[in-house]
Amino acid sequence: MERESFDVTDYEWDTEKSSDLGSVTGSSPLTSNLGKRLKAKRISLMKKRLASVSNRLTSVSGEREPAARLDRQDSTALTGLRFISKADGAAGWTAVENRFVEITATSGGLLPRSKFGECIGMDSTDFALELFDALARRRLMTQDTIDGDQLREFWEQISAQSFDSRLQTFFDMIDSDANGRLTEDQVRQIINLSSSTNNLPNIQKRTDEYAAMIMEELDPDNIGYIMIESLETLLSHAETRHIRRDSEGSKKLSHMLSLKLNTTRDPKPLKRWYSGLRHFVSDSLQTTSMYFAIPVAFPACEVLIRPFRSSVSTVTIRKVAIYPGNVLTLHLSRPRNFKYQSGQYMFVTCPTISTFEWHPFSITSAPQDEDLSIHIKVVGDWTNALKEVFSEVCAPPPVRDNYRDAYNREEMNPCSFPKIMIDGPYDAPAQNYKKYNVVLLVGLGIGTAPMMSIIKDIINNVEAKEHSQFSQMEKGTQRHQQGEKESMKTRKAYFYWVTKDQGSYSWFQNIMNEVTERDTNGVIEVNNYCTSICEEGDVRSVFIRTLQSLNHSKNGVDIVSGTRVMTHFAKPNWKNVYKQIAMDHYGSHVGVFYCGEVSLAEELRQLALEFTHKTETRFSFHKENFYPPDK
């Protein structure tokens, strides 16, 4: 037990010795009362200390938030700190036991430490090793093997329903010397382990900075360590920021939708078939030109004629950037006659690589931008060759001994960019977003490229409309002339970007920051998901989530994406996404636009059909499959 002393009526008492005074058999009433008073005093001081720590966890606006402790009655909060998946637990022991028998078949019934993660179903090897060590330390075990009975004991502890039990186990993982205190070095180690486990290299590079930030918050007196109570306060702060408090009306509507979605299918198969066919034809007639244009090899005549078409232009390269995840970005001059809509694409060629080879790329700039931009995922021969060309011409000049030679090189054109030609723009499904009041935009990986142009276009149009209305109010004119129609109907956009790499966020970091800063009316809801991170509530990602919440409160920046938008972990629950939109926009017509690999398209299409048939909200699905340029 950790020793701590405090003043009681001008005397100093040691809590380890005095806390048991009231429980001694045969103790006098005076001794018993004294023990109770000491216990009450100790609890009071602990509460004050926790409240002090909580008050220092401030919001980005500088206002103090109320002390955030986990509500033991809140089932959402209690789901945190899971050492195993939701599907496991008491029922999962059978699978663990079977794996134990298989693994230890040749080791005399002893499970080695190195196989512990495999046995309990945890695929993060380093994290499983640290968990094994923590469980062993608690039992004063020094060997690197355990038998079946010890494994069952370990399992019961990590699958415990008690949050306090899971909290203690997590604390033991960090407390490597088992003295009940966490030092800055130990905090640094758990940040490093968590970021490595979740493939977050940018966080791993700033481990020292984040460890110091936590100690500054929880150890303001610079004692040099923090206790388990402070860790709980830190975790609860992150937890309460993520718990959504729905209104009673919203909960009732959600329950009603759930009942509708769980009803049996239409007993009339012909009617069901006809309804599904009507929806399919409607959507297909809008995703057609794109499908015929990209997957099919271009005829030889098309390849020969393209360079002479009026839509082909030679452009000037304004800027080149190569981002993590092998993405090449080109900022190009915009030809005078090049008019396009957000969501459209164009063909690009580089004669230096191939005279007649053209490849389609979504336009990521907005129609109001002065220049054009495209983001190219380097995945094959042509894109690799393009990257190599730009890497060579943009490489810094070699260091020379002769200063004059280096200076003369600077006077010359250091970046003699290769010739780039474009052909377009061409229609794509996403350009139809303007006809919907509500849109759901989903981009998978580099498939988010056309969505970036759309969200910028939405913000530009919203600002232009507000400016126009203000001018009309000043002049006293009507809002719209009779018979005039609005070119853009969109009033709310839900944007979901799902990617597996933290580095991907750098591709569009500036655009996301610009959109969130300019979107003062909350027209666009941005949702970033990083699938390399274990789902929220998993013990392997809990410290990442805690850091994320704390840093966003202090600095307004998400540590995963580097933007103002808080990143979600793992994959979205798409059924819940549709359900929430159906609740929030009852009776509306929602346009769903997807760009990415084929794998997710069918799930989104089926959900659009399901919610259209079973709710009062209609969903129209449009897809643009992502085809790598060389495949």
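The structure presented is a predicted model; accordingly, all values stated were derived computationally and were not measured.

Participant: Give a description of the overall build of the protein chain that names residues and reports values.
Facilitator: Broken down by element type, the protein chain carries 23 helices and 17 strands. In the protein chain, buried positions account for 45% of the 631 residues. Accessible surface computed for the protein chain: about 32600 Å², of which carbon and sulfur atoms make up 50%.

Participant: Describe the sheet that holds strand 7 (residues 327-332), with residues and values.
Facilitator: A sheet is described by the order of its strands in space; here three strands give the open sequence 6-7-10, paired in antiparallel fashion. Strands with a single pairing partner mark the edges of an open sheet, and in this sheet they are strand 6 (317-323) and strand 10 (372-377). Across this sheet, the average inter-strand angle for adjacent strands is 15 degrees, counted without regard to direction. By the bridge criterion, six bridges tie strand 6 to strand 7 in an arrangement that is antiparallel. Among the inter-strand pairings, A321 is bridged to a residue of strand 7, identified as T329.

Participant: Before we move on, can you summarise the sheet that holds strand 11 (residues 420-426) with the specific residues and values?
Facilitator: Reading across the sheet, the four strands line up as 5-11-8-9 and stay open at both edges, with antiparallel pairing between neighbours. Of all strands in the sheet, those with a lone pairing partner are strand 5 (312-315) and strand 9 (359-362), marking the two edges. Taking each pair of neighbouring strands and ignoring which way they run, the sheet shows an average axis angle of 35 degrees. Pairing of strand 8 (residues 345-349) with strand 9 involves four bridges; the strand directions are antiparallel. Within strand 9, the residue paired with V348 across the bridge is H359.

Participant: Describe helix 4 (residues 93-103), and please don't skip the residues or the numbers.
Facilitator: An α-helical segment advances 3.6 residues per turn. Residues three or four places apart therefore align on the same side. Listed as buried for helix 4 are W93, V96, F100 and I103. What you see down the axis of helix 4 is that its buried residues fit within an arc of 90 degrees, all on one side. Turned more than 90 degrees away from the buried face of helix 4 sit V101 and E102, all of them exposed. Buried-residue contacts for helix 4 involve strand 3 (111-112), helix 5 (116-120), strand 4 (145-146) and helix 7 (148-158).

Reading the values: rules and limits
- Residues numbered from 1 in each chain as written.
- Predicted model: local features only at pLDDT ≥ 70, side-chain atom pairs only at ≥ 80, totals over all residues.
- Heavy atoms only, no water.
- Helix = DSSP H or I, 4+ residues; strand = E, 2+ residues; numbered from the N terminus.
- Buried < 20%, exposed > 50% of the residue type's maximum accessible area, 1.4 Å probe, protein only.
- Areas by Shrake-Rupley, 256 points an atom, 1.4 Å probe, with all protein chains shown as cover.
- Pairing = 2+ DSSP bridges.
- Axes fitted to C-alpha atoms, helices over the stretch in contact; angles between N-to-C directions.
- Arc of directions from axis to C-beta.
- Contact = heavy atoms within 4.5 Å.

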